[in-house]
Amino acid sequence: MFIFAKTINGMSVMTRKDIEIEVCAYSVESCRNALAAGADRVELCAGMWDGGVTPSGGMIREAKRCGIPVFVMIRPRGGDFLYTEDEFAVMREDVMEAKRNGADGVVTGVLLADGNVDVERTRELARLAAPLPVTFHRAIDMTPDVEEALERVIAAGCRRVLTSGGRNTAVEGIEGLRRMARRAAGRIKVMAGSGVNGENAGMLLEAGVDALHLSGRVSRDSGMVFRNPEVSMGGMPGIPEYEQYYSAVEKVAAVVRVKRNFE
């Protein structure tokens, strides 16, 4: 709900009380930093270079000990979102494992070969996850029509959708986000993600989205003294072997401060 009740930089702006900030976290350290920065929850993932896959049970349990709500990524591999029967069986098991380990919600997305949302399979995962809420992730940005896909995501029983408006970044897709927020009309929460930071958070919130998703990622050098430049553990040269990534408190806090200007 919007209320014209606050003045920011001399201008009357719409304020809301229900804006959420979610941090994409790949480590327990990032979960702690998200909490310290004032984020509302984390999306817990493994496999950063794959764009996020399902974390281990141990990671989920340790993340929960940080004291911040944890939504668990349910994605068996990187790449596309068209899954075999074996892969989908893994996804079903991972939903149940996330519940057993105390997850507060799950994040997933399944597409058909034609690029449209697989409503049947997504609905099955949502039913398995119940009563936990389900977020449909950026698989929606790989569909032919994100607005039509939004209707399918709603029909599948998801509570939130993470999207960049069908473009590479949320800023590039801001008009798509605006249309999606209008079309959602309170039936589902629209969460903007990809490239979100303290500088563009206000612009995205003004577009009408309900939540912002960011990693707040920074890196530091490994503590390893001996380094073997001849070996790439993942078999993919170019991926740094001696660099560690984590969510920085200050980057997340910058977005949280923007959120508070809208409250």
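Values in this document were obtained by computation on a predicted structure and should not be read as measured data. (Residues numbered from 1 in each chain as written. Predicted model: local features only at pLDDT ≥ 70, side-chain atom pairs only at ≥ 80, totals over all residues. Heavy atoms only, no water.)

S.K.: Looking at this structure, I do not really get the overall build of the protein. What am I missing?
M.R.: In terms of regular secondary structure, the protein is built from eight helices and 12 strands. Whereas a compact globule of 263 residues would reach a radius of gyration of roughly 18 Å, the protein reaches 18 Å, a difference of no more than 12%. Summarising its shape, the C-alpha atoms of the protein cover approximately 60 × 45 × 35 Å along the three principal directions. Burial statistics for the protein: of 263 residues in total, 49% are counted as buried. Summarising the internal contacts of the protein: among those between residues at least 6 apart in sequence, 65% fall at separations of at least 24. (Helix = DSSP H or I, 4+ residues; strand = E, 2+ residues; numbered from the N terminus. Rg over C-alpha atoms; globule rule 2.2 N^0.38 Å. Buried < 20%, exposed > 50% of the residue type's maximum accessible area, 1.4 Å probe, protein only. Contact = heavy atoms within 4.5 Å.)

S.K.: Before we go on, may I ask you to explain the nonpolar core in this structure?
M.R.: Within soluble globular proteins, side chains that are nonpolar tend to cluster in buried spots. Residues C31, V42, F136, V153, V161, I188 and L212 are the most contacted members of the largest nonpolar core, which totals 68 residues. Judged by nonpolar contacts, the second largest core, of seven residues, contains C24, C45, M48 and F71. (Core = buried A, V, L, I, M, F, W, Y, C linked by side-chain atoms within 4.5 Å.)

S.K.: Would you mind showing me how to read the packing of helix α5 (residues 146–155) against helix α6 (residues 174–184) here?
M.R.: The axes of two packed helices give the description: the angle between them and the distance between them. Contact pair α5 / α6: the axes reach a minimum separation of 10 Å and the direction vectors enclose 35°. Relative to α6, the crossing made by α5 is right-handed. Between α5, through V146, E147, E148, L150 and E151, and α6, the contact on the second element is made entirely by R179, M180, R183 and A184. Classifying every residue of the contact of α5 with α6 by side-chain character gives four nonpolar, no polar and five charged. (Axes fitted to C-alpha atoms, helices over the stretch in contact; angles between N-to-C directions. Left-handed = near helix turned anticlockwise from the far one by under 90°. Nonpolar A, V, L, I, M, F, W, Y, C, P; charged D, E, K, R; others polar.)

S.K.: Help me understand helix α8 (residues 249–261) in this model?
M.R.: The α-helix winds at 3.6 residues per turn, so residues separated by three or four positions along the chain end up facing the same way. For α8, which comprises 13 residues, the first-to-last C-alpha distance of 18 Å matches the rise-based estimate of 18 Å (1.5 Å per residue) to within 8%. Along α8, the residues that are buried comprise V252, A253, V255, V256, V258 and K259. If you follow the buried residues of α8, they end up packed against β3 (20–25), α1 (28–37), α7 (201–206) and β10 (211–214). (Expected span 1.5 Å × (residues − 1).)

S.K.: Would you explain the pattern of salt bridges in this entry?
M.R.: A side chain of one charge can pair with a side chain of the opposite charge when the charged atoms of the two come close. If you walk through the whole model with that rule in mind, you get 20 salt bridges. R92 is the partner of E124 in a salt bridge, and the nearest nitrogen-oxygen pair spans 3.7 Å. One end of the pair, E124, is in helix α4 (residues 119–129); the other, R92, is in helix α3 (residues 85–100), and 32 residues separate them in sequence. R92 sits in the partly exposed class, given a relative accessible area of 26%. Taking the shortest distance from any N to any O, the salt bridge between R179 and E147 comes out at 3.0 Å. On the criterion of sequence distance, the pair formed by R179 in helix α6 and E147 in helix α5 is long-range, its members being 32 residues apart. The class for R179 is partly exposed, based on a relative accessible area of 38%. One continuous salt-bridge network, built from bridges that share partners, spans E20, E22, R41, R160 and K189. (Salt bridge = Lys/Arg side-chain N within 4 Å of Asp/Glu carboxyl O.)

S.K.: Help me understand the sheet that holds strand β4 (residues 41–44), please; the structure alone is not making it clear to me.
M.R.: To summarise the sheet geometry, strands pair through backbone hydrogen bonds and adopt either a parallel or an antiparallel arrangement. Pairing within the closed barrel is parallel, and its eight strands lie in the order β3-β4-β5-β6-β7-β8-β9-β10. In this sheet, adjacent strand axes meet at a mean angle of 25° when their direction is disregarded. Taken together, the four bridges between strand β8 (residues 160–163) and strand β9 (residues 189–193) define a ladder with parallel strand orientation. By the bridge assignment for β9, V161 is matched with V190. (Pairing = 2+ DSSP bridges.)

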